Each structure stands twice: as structure tokens, then as C-alpha cells.
Amino acid sequence: MPVYEYKCDSCGSVFSELTSISQRDGGQKCPNCESTKVERLLSVFSAKQGMQSASAPPTCGDCQQRGVCPNAQF
């Protein structure tokens, strides 16, 4: 089963949940406030893979260096 990321519309908490594809868009509860008003997020991994080649290291958002910035959080 895939892991999906969600953001709670009530408290803003971001959380991950292991769930089936058929149930990815319904029934999730925020572990912080137990609200069911959650939004499925686009995975950062799949978004980055689609925007750059798999062999290119990620770019640091602060200094725009590729894969060498010690402050980069990839």
C-alpha cells in the first residue's frame, strides 16, 4: 500500500498515512485534532522527479547550488 501525505484544514497539521489507492481520498482523520477535513498533498518526491532528471542532484532553495549546500534539506 502507498503512503499518502495529508494536511488538516482545521489545525494545519501535516501527516502521512498508509492507505489503499481506493481509500486515499476519504475517511482520513488528523492525528492532532481528529478532524476529517483533510486535503491530500502532492508528494514532494513525485513532484521533483517530474521536474528534473533523475540523475541531477536537487537544488538548494537558499543558495541555488546543486547537491553541495550543507544547509540544504532534501
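The preceding data block contains the structure.
Residues numbered from 1 in each chain as written. Predicted model: local features only at pLDDT ≥ 70, side-chain atom pairs only at ≥ 80, totals over all residues. Heavy atoms only, no water.

Draft legend 1. Quick peek at the packing of aromatic side chains. Tallied over the entire structure, the rule returns one aromatic pair. With centroids separated by 5.7 Å and ring planes inclined at 25°, the aromatic side chains of Tyr6 and Phe15 adopt a geometry described as stacked. Across this residue pair, the class does not change: Tyr6 and Phe15 are buried. (Phe/Tyr/Trp six-rings, centres within 6.5 Å; stacked < 30°, edge-to-face > 60°. Buried < 20%, exposed > 50% of the residue type's maximum accessible area, 1.4 Å probe, protein only.)

Draft legend 2. The pattern of salt bridges, seen in detail. Applying the stated criterion to the full structure yields two salt bridges. Between Arg24 and Asp25 there is a salt bridge, and its shortest N-O distance comes to 3.6 Å. Of the residues examined, Arg24 reaches a relative accessible area of 28% and is grouped as partly exposed. The partner of Asp25 in a salt bridge is Arg40, and the shortest N-O contact between them spans 2.7 Å. Of this pair, Asp25 sits in the loop between β2 (14–18) and β3 (38–40) while Arg40 sits in strand β3, placing them 15 residues apart in sequence. (Salt bridge = Lys/Arg side-chain N within 4 Å of Asp/Glu carboxyl O. Helix = DSSP H or I, 4+ residues; strand = E, 2+ residues; numbered from the N terminus.)

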